[in-house]
Amino acid sequence: MENLREKILEAAVRAFMRFGVNRTRMHDIASEAGVARQTVYSNYKNKNEILCASIRHFSNQSLAAVQKEWSALETLEDKLSAYYKHSIIPSFKVITASPDARDMIGGFNAEGKAATLEAQATNITACAEMLAHYSFQGHSAEQLAEYLVLSSLGIRDHARDETQLLTLLNTQKAGLLALLT
C-alpha cells in the first residue's frame, strides 16, 4: 500500500512539473501513475493533500539521504557538502527543469506553504543537531542551522545557473567554516 502511495506522489510531481499545480487534475495524476482516478482518491482526498504529501515525502527523502551520508563523515566541510549535494542542488535542478516547478516547491497555496515551512523546520532541526558537535565563535548551532537552511534556499532560488549556485554555496560554506573555533 505504501508503495502505491509513493507511486502516486511521484506521478503527481511529474504532472505538477508538466502542467503546473493549478492546471493539474486528479485525472492527470492517475494517468501519470497508471492507476484509476478512484485509486488516487482512495489514497488522497484531493490535490492539496497530494501536494502537501509530495512536499513532505521528497523533503524526508532528501533529509534521509543527507543524514545517512553525515553518519559516515567527520568534518563540517564534508557534512555541508553532503547537505548541498542531497538537498539544495537537486531541488535547484528540479526548479530549472520546469517553469512550473517553482510553484510546487514553493507550496502553491496556504496548505502547501505550511508543508514547505514544516519541511524547512525539520531541516533546521536536523542541521542544528549536526552542528551541535562543533564549536562556533559567537553563534549557537541553532542560529547557524537556521542561517544554513534559509540562506541556502535563498541561494537556490536566486542563482542564475548551476555554476553560480555552486560558487555561492562554496562561499556560504567558507563563511561557516571560518566561524569554527
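In what follows, the structure referred to is the one given above.
Two measures define how a pair of helices packs: the angle their axes make with one another and the distance between the axes. At a minimum axis distance of 9 Å, the contact between helix 8 (residues 141–158) and helix 9 (residues 162–178) shows a crossing angle of 165°. The angle between helix 8 and helix 9 falls in the class roughly antiparallel. Helix 9 is crossed by helix 8, and the crossing has right-handed handedness. On the side of helix 8, the interface is formed by Leu144, Tyr147, Leu148, Ser151, Ser152, Ile155, Arg156 and His158, while helix 9 contributes Gln164, Leu165, Leu168, Leu169, Gln172 and Leu176. When its residues are assigned to classes, the contact of helix 8 with helix 9 shows eight nonpolar, five polar and one charged.

What follows concerns the nonpolar core. Counting residues in hydrophobic clusters, the biggest one holds 30 residues, and the most contacted among them are Trp70, Tyr83, Tyr84, Leu131 and Leu165. When residues of this core are traced back to their parent elements, those giving at least two are helix 4 (47–70), helix 5 (76–97), helix 7 (110–131), helix 8 and helix 9. The element contributing the most residues to this core is helix 5, with eight residues. Excluding its chain neighbours within four sequence positions, the residues that come into contact with tyrosine 83 are Val66, Trp70, Ile88, Cys127, Leu148, Val149 and Ser152.

Time to look at the packing of helix 5 against helix 9. The N-to-C vectors of helix 5 and helix 9 enclose an angle of 150°; their axes lie 11 Å apart at closest approach. Judged by the angle between their axes, helix 5 and helix 9 are roughly antiparallel. Remark: the crossing between helix 5 and helix 9 carries right-handed chirality. Note on element contacts: helix 9 touches helix 5 through Glu162, Leu165, Leu166, Leu169, Gln172, Lys173, Leu176 and Leu177, opposite Leu76, Glu77, Leu80, Ser81, Tyr84, Ile88, Ile89, Phe92 and Lys93. Tallied by class, the residues present in the contact of helix 5 with helix 9 amount to eleven nonpolar, two polar and four charged.

With that settled, consider the environment of glycine 154. Tracing the chain through its elements places glycine 154 in helix 8. Expressed as a C-alpha distance, the spacing of glycine 154 and isoleucine 88, which sit 66 residues apart in the sequence, is 10.0 Å.

Three or four residues apart is the spacing at which side chains of an α-helix point the same way, because the helix has 3.6 residues per turn. For helix 9, built from 17 residues, the straight-helix expectation of 24 Å at 1.5 Å per residue is met to within 8% by its first-to-last C-alpha distance of 24 Å. Along helix 9, the residues that are buried comprise Gln164, Leu165, Leu169, Gln172, Lys173 and Leu176. The secondary structure elements touched by the buried residues of helix 9 are helix 5 and helix 8.

This part takes up the packing of aromatic side chains. Here the distance between the centres and the angle between the planes together describe a pair of aromatic rings. One pass over the structure, following the stated rule, counts one aromatic pair. In this structure, arginine 5 is placed above the aromatic ring of tyrosine 44, and the distance from its NZ or CZ to the ring centre is 4.2 Å.

Turning to helix 7, a few remarks are in order. Taking 1.5 Å per residue as the helical rise, helix 7 with its 22 residues ought to reach 32 Å, and the 31 Å between its terminal C-alpha atoms agrees with that figure. Buried within helix 7 we find Gly112, Ala115, Thr116, Ala119, Gln120, Asn123, Ile124, Ala126, Cys127, Ala128, Met130 and Leu131.

So, on to the side chain of lysine 47. Mapping lysine 47 onto the fold places it in helix 4. Although lysine 47 is buried, it forms no salt bridge, and the closest oppositely charged side chain is aspartate 28 at an N-O distance of 7.7 Å. Once you skip the residues sitting within four places of it in the chain, lysine 47 turns out to touch Phe16, Val21, Asn22, Thr24 and Met26.

Once that is clear, we can look at the side chain of lysine 173. Following the sequence through the fold, lysine 173 ends up in helix 9. Buried charged residue lysine 173 carries no salt bridge. Nearest counter-charge: glutamate 77, at 4.7 Å. Aside from chain neighbours lying at most four places away, what touches lysine 173 is Glu77, Leu80, Ser81 and Tyr84.

What counts as what
- Residues numbered from 1 in each chain as written.
- Predicted model: local features only at pLDDT ≥ 70, side-chain atom pairs only at ≥ 80, totals over all residues.
- Heavy atoms only, no water.
- Axes fitted to C-alpha atoms, helices over the stretch in contact; angles between N-to-C directions.
- Helix = DSSP H or I, 4+ residues; strand = E, 2+ residues; numbered from the N terminus.
- Parallel < 35°, antiparallel > 145°, perpendicular 65-115°, else oblique.
- Left-handed = near helix turned anticlockwise from the far one by under 90°.
- Contact = heavy atoms within 4.5 Å.
- Nonpolar A, V, L, I, M, F, W, Y, C, P; charged D, E, K, R; others polar.
- Core = buried A, V, L, I, M, F, W, Y, C linked by side-chain atoms within 4.5 Å.
- Buried < 20%, exposed > 50% of the residue type's maximum accessible area, 1.4 Å probe, protein only.
- Expected span 1.5 Å × (residues − 1).
- Phe/Tyr/Trp six-rings, centres within 6.5 Å; stacked < 30°, edge-to-face > 60°.
- Lys NZ or Arg CZ within 6 Å of the ring centre and 35° of its normal.
- Lys, Arg positive; Asp, Glu negative; His and termini not counted.
- Salt bridge = Lys/Arg side-chain N within 4 Å of Asp/Glu carboxyl O.

What is shown is where atoms sit, not what they do.
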